[in-house]
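Examining the three-dimensional arrangement
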Amino acid sequence: MQTHQYDVIIVGAGGAGMRAALESSTRARTAVISKLYPTRSHTGAAQGGMCAALANVEEDNWEWHTFDTVKGGDYLVDQDAAEVMAKEAIDAVLDLEKMGLPFNRTPEGKIDQRRFGGHTRNHGEAAVRRACYAADRTGHMILQTLYQNCVKQDVEFFNEFYVLDLILDKDLAIEDVPEGEEVAVAGVVAYDLASGEIHVFRAKSVVLATGGAGKIFKTTSNAHTLTGDGMALALRRGLPLEDMEFFQFHPTGLAGLGILLSEAARGEGGILRNGDGERFMERYAPTIKDLAPRDIVARSMANEVREGRGAGPNKDYVLLDLTHLEPAHIDAKLPDITEFARTYLGIEPYTEPVPVYPTAHYAMGGVPTNITTEVLRNNTDVVKGLFAAGEVACVSVHGSNRLGTNSLLDINVFGKRAGVAAAEYAAGATIVEMPENATSAVVAQLEAMRQRPDGERVADLRRELQETMDRGAQVFRTSESLTETLTVIQGLQERFSRVSVQDKGKMFNTDLLEAVELGFLLDIAEVVVVGALSREESRGGHFREDFPDRDDANFMSHTMAYRRRTDGADVDAAGIPPHETRLDTKPVVVTRYQPMERKY
Ligand SMILES: Cc1cc2nc3c(=O)[nH]c(=O)nc-3n(C[C@H](O)[C@H](O)[C@H](O)COP(=O)(O)OP(=O)(O)OC[C@H]3O[C@@H](n4cnc5c(N)ncnc54)[C@H](O)[C@@H]3O)c2cc1C
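No experiment lies behind these values; they were computed from the predicted model shown. What you see as residue numbers is a count from 1 along each chain, following the sequence as written. Under the rules for a predicted model, residues below a pLDDT of 70 receive no local features and side-chain atom pairs below 80 are neither given nor counted, while totals for whole chains, interfaces and linings still include all residues. With hydrogens and water set aside, each side-chain value is computed from the structure's full complement of heavy atoms.

One open sheet accounts for four strands, arranged 11-14-13-12; its pairing is antiparallel. Of all strands in the sheet, those bounded by a partner on one side alone are strand 11 (247-254) and strand 12 (271-273). Direction aside, the axes of adjacent strands within the sheet are offset by 45° on average. If DSSP finds at least two bridges between two strands, the strands pair. By the criteria applied, helices consist of DSSP H or I runs no shorter than four residues and strands consist of E runs no shorter than two, each listed in order from the N terminus. Where strand 13 (residues 318-321) lies against strand 14 (residues 354-363), three bridges are found, and the strand directions are antiparallel. Its bridge partner lying in strand 14, Leu 319 is registered against Pro 355. To get an axis, a line is fitted to the C-alpha atoms, and for a helix only the part in contact is used. The angle between two axes follows their N-to-C directions and goes from 0 to 180 degrees.

In structure tokens:
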């Protein structure tokens, strides 16, 4: 076992982690730990754009952007955080431009901007061009630009190191720590994929930037690696997760596959049609039609299919029609995603409409933070030295439904804030002692899974989890579907305690790490479903057929989910220890905009 010591440890080398590293590494001794080589992070798969009210092509301002974000999130957005994001958006884009990002340009040489769902002028009057972009590979360009600048700045990386535990000075999953009492971070425990060795990283500050958890679903736009690690690590140590029931289903996944076709396709003029050729969004969102926010479009599509107006032999998808666009325009603005349609479905988008259906895309919930990115351990206290940014976090700028292009923005704005805050905290802090047994839980779990000669197979459990989540917790949810899903998840957790891996070796044992990731997925799926069951209303991405209306009187608050171990002990074998999930609420921060009915 090796021990390292840094001022700041950043877990994750996606957009949020690397943006944080660029700030932190100039101020404090910083290392970035990433289970992937940095440029393989999912940020690199982002397509459509990053928004900011630059007003380069149309009148716009940050206040309209704030309003759209709040309304898009169905009023569950913390408005102070949305204001910060919309105001700092402009510098976030200009920072990237200065770092060398090749944005598309207007004929005058300014950064070009395109339309995206839910982004409007003057509080909903008409769609506005707010998304800055680099063709349909904006995330790729952001990730490469940030990585190049990290290299230039000599940021230290530990690549293909998996963080498997978060160490606090008190384990809140076991101990009662009264409100107001100080709890601090001590570091993380990681596993080196190449050698199979355990490494302990002691640090004054830790930034969680581990991204999303889309792999709890079968049909998803997310990469295989998005297994909710950072969220699960926090949950297991007794920290809350906020608003996990809100998961975004992106309207245009390739039918049957879930691979994403960016909303930029509709921003550039693409139209959704049902099996009868009808532009059905005119019925659901008469003003902005196909550019309504994602929750509304996804639900409308699913509804067309349910009511028998789907396309294809089984009428189980709808069509994204680009055939009226000039091929040259498609090639210039949407080259990658049209290639996906050709490669994966054998469809020629110049002449044929593309079959699409909603795909699990984005976790609105996550590790709760304040606007300085400090992680909360309850509604008021922060964990000293612990920060989170990006998709793993819930600073609540997305509320119950994220607007397209607001996540690439979120990771830049709050990634930067996290880097500054973590370094500043470290400057005045001392390293917290690690408990003596800091690595024992991780080592015991890995050894149990490796040594068990025979047992449950990871791939089987994962498939069952993903299929049950698609069946019971997707676009449409009911008490019955969710209860059934929860029962399946609990059964899978029990079977997970007998999981065994085929590869018994130490070096490059990805089999073993997939088993660990499955444990994270099971944790996260449970919290999503428990939250969805208790939220007896429909809001944003969470639609309950048995409670189809938004209910501000009873549910205008954030959900905070906590896990307590009921055996009082540490994890001593593979498996999820006996636990209970407790739900609490947290008030929504309202500054300027009182909740209204959401119409587009
Ligand atoms: C296909 C697709 C297209 C998208 N398009 C857009 C778009 O156009 N506009 C927009 O705003 N948003 C878009 N999004 C959403 C947006 O890209 C993501 O929400 C955002 O990039 C997440 O960034 P992140 O830095 O939080 O996480 P990621 O980029 O996912 O990075 C996570 C990092 O954490 C590391 N990590 C995870 N677990 C561990 C662990 N246990 N130990 C060590 N390291 C770990 C990984 O190695 C990785 O480096 C898209 C998403 C997808 C999937």
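All right, on to helix 5 (residues 229-236) then. Burial runs high along helix 5: eight of the eight residues are buried. Each residue is assigned to one of three classes by its accessible area relative to the maximum for its type, calculated with a 1.4 Å probe on protein chains only: buried under 20%, partly exposed between the two thresholds, exposed over 50%. Burial in helix 5 covers these residues: Asp 229, Gly 230, Met 231, Ala 232, Leu 233, Ala 234, Leu 235 and Arg 236. Phi turns positive, to about 95°, at Gly 238, one or two residues after helix 5.

With that out of the way, let us pick up the state of the cysteines. The rule for a disulfide is simple: a pair of cysteine sulfur atoms within 2.5 Å. Scanning the entire structure with this criterion turns up zero disulfides. Not engaged in a disulfide, the cysteine Cys 394 finds its nearest cysteine sulfur in Cys 51; these two sulfurs lie 17 Å apart.

Position of Glu 245 among the secondary structure elements: in the loop between strand 10 (241-242) and strand 11. In the structure, Glu 245 is positioned 226 residues away from Arg 471 in sequence and 15 Å away in space, judged by C-alpha atoms. In contact with Glu 245, other than residues within four places in its own chain, are Arg 477, Val 528, Gly 531, Ala 532, Arg 535, His 542 and Thr 559. For this analysis, a polar contact is any N or O atom pair within 3.5 Å, provided that within protein one partner can donate a hydrogen and the other can accept it, and provided that sequence-adjacent residues contribute only side-chain to side-chain pairs. Polar side-chain contacts of Glu 245 include one of 2.7 Å to the side chain of Arg 535. In what follows, residue pairs with any heavy atoms lying within 4.5 Å of each other are defined as contacts.

Given two aromatic rings, one states the distance between the centres and the angle between the planes to describe the pair. Any pair of Phe, Tyr and Trp rings, taking the six-membered ring for Trp, is counted once the centres come within 6.5 Å. Such a pair is stacked with planes under 30 degrees apart, edge-to-face with planes over 60 apart, and tilted for the rest. Tallied over the full model, the rule gives 14 aromatic pairs. A ring pair is formed by Tyr 37 and Tyr 147, whose centres lie 5.7 Å apart and whose planes are at 70°; its orientation type is edge-to-face. Pair noted here: Tyr 37 is in the loop between strand 2 (30-34) and strand 3 (50-51) and Tyr 147 is in helix 4 (residues 138-152), with a separation of 110 residues, a long-range link. On the accessibility criterion, Tyr 37 (36% relative accessible area) is partly exposed. Its relative accessible area of 14% is what places Tyr 147 among the buried residues. Three or more aromatic residues joined by ring pairs form one cluster here, namely Tyr 6, Phe 158, Phe 161 and Phe 201. The ring of Tyr 133 has Arg 114 lying over it, and the distance from NZ or CZ to the ring centre is 3.9 Å. Arg 306 extends its terminal NZ or CZ atom over the ring of Phe 476, reaching a point 3.9 Å from the ring centre. Criterion for a charge above a ring: Arg CZ or Lys NZ at most 6 Å from the ring centre, at most 35 degrees from the ring normal.

Another aspect to go through is the pattern of salt bridges. Between side chains of opposite charge, pairing is possible as soon as their charged atoms come close. The rule for a salt bridge is simple: a side-chain nitrogen of Lys or Arg has to be within 4 Å of a carboxyl oxygen of Asp or Glu. Summed over all chains, the structure comprises 56 salt bridges. Salt-bridge contacts for Arg 137 lead to Asp 336; the nearest nitrogen and oxygen are separated by 2.9 Å. Highlighted residues: Arg 137 in the loop between strand 5 (126-132) and helix 4 and Asp 336 in helix 10 (residues 335-345), separated in sequence by 199 residues. The exposure class assigned to Asp 336 is partly exposed, which follows from its relative accessible area of 25%. Arg 563 serves as the salt-bridge partner of Glu 526, at 3.2 Å between the closest nitrogen and oxygen. Residue Glu 526 is located in helix 15 (residues 510-534), and its partner Arg 563 is located in strand 19 (residues 557-565); the two are separated by 37 residues in the primary sequence. Overall, Arg 563 belongs to the buried group, its relative accessible area being 6%. Overlapping salt bridges bring together Asp 74, Glu 245, Asp 295, Arg 535, Glu 537, Arg 539, Arg 550, Asp 552 and Arg 598 as one network.

For the rest of this paragraph, the subject is the packing of helix 14 (residues 479-496) against helix 15. With their axes 10 Å apart at the nearest point, helix 14 and helix 15 run at an angle of 155° to one another. It follows that helix 14 is roughly antiparallel to helix 15 by the angle criterion. As for the relative orientation of helix 14 and helix 15, their crossing is left-handed in sense. On the side of helix 14, the interface is formed by Ser 479, Leu 482, Thr 483, Thr 485, Leu 486, Ile 489, Leu 492, Gln 493 and Phe 496, while helix 15 contributes Ala 515, Leu 518, Gly 519, Leu 522, Asp 523, Ala 525, Glu 526, Val 529, Val 530, Ala 532 and Leu 533. Gly counts as polar in this scheme, as do all residues outside two lists: the nonpolar Ala, Val, Leu, Ile, Met, Phe, Trp, Tyr, Cys and Pro, and the charged Asp, Glu, Lys and Arg. When grouped by side-chain class, the residues that make up the contact of helix 14 with helix 15 number 13 nonpolar, five polar and two charged. Here is the rule for angles: anything less than 35 degrees is roughly parallel, anything more than 145 is roughly antiparallel, 65 through 115 is roughly perpendicular, and the remaining ranges are oblique. In this scheme the crossing of two helices becomes right-handed for a clockwise turn of the near helix relative to the far one and left-handed for an anticlockwise turn of less than a right angle.

UniProt positions are given in the numbering used here, feature names are shortened, and annotations may be inferred rather than shown by experiment. The feature "modified residue: Tele-8alpha-FAD histidine" (unreviewed entry), as annotated in UniProt, sits at His 42 in this numbering. Those residues within four positions of His 42 in sequence are excluded, and the remaining contacts are Ser 221, Asn 222, Ala 223 and Leu 226.

Neighbouring residues are identified by heavy atoms, a residue being near a molecule or strand if any of them is within 4 Å of it. Surveying the vicinity of the ligand reveals 39 residues, the closest of which are Ser 41, His 42, Thr 43, Glu 391 and Leu 408. Gly 15 places a main-chain nitrogen or oxygen 3.2 Å from an oxygen atom of the ligand. Val 163 is positioned such that a nitrogen or oxygen atom in its backbone is 2.8 Å from a nitrogen atom of the ligand. Accessible surface is estimated by sampling points in the Shrake-Rupley manner with a 1.4 Å probe; for residues, cover comes only from the protein chains shown. Considering the ligand on its own, with 1,000 Å² of exposed area, one finds that the protein chains cover 98% of that surface. For the shell around the ligand, the secondary-structure elements that each account for two or more residues are helix 1 (15-24), strand 2, strand 7 (161-168), strand 14 and helix 11 (406-427). With four residues, helix 11 is the single largest residue contributor to the shell around the ligand. Residue classes in the shell around the ligand are distributed as 16 nonpolar, 19 polar and four charged.

Inspection of the secondary structure puts Arg 19 in helix 1. Setting aside anything within four residues of it in sequence, one finds Arg 19 in contact with Asp 95, Met 99, Leu 146, Ile 411, Asn 412, Gly 415 and Lys 416.

Counting buried positions along strand 9 (residues 198-208) gives eleven out of eleven residues, so the element sits mostly inside the fold. Bridge count for strand 1 (residues 2-11) against strand 9 is nine bridges, and the pairing is parallel. Looking across to strand 9, one finds that Gln 2 is bridged to His 199. Across five bridges, the pairing between strand 8 (residues 185-192) and strand 9 is antiparallel. Each residue of the ladder has a partner; that of Val 189, found in strand 9, is Val 200. Counted along the chain from strand 8 to the antiparallel partner strand 9, the turn is five residues long, and its residue Gly 196 has a positive phi close to 80°. As defined by bridge partners, strand 9 adjoins strand 17 (residues 382-388) across three bridges and the pair is classed as parallel.

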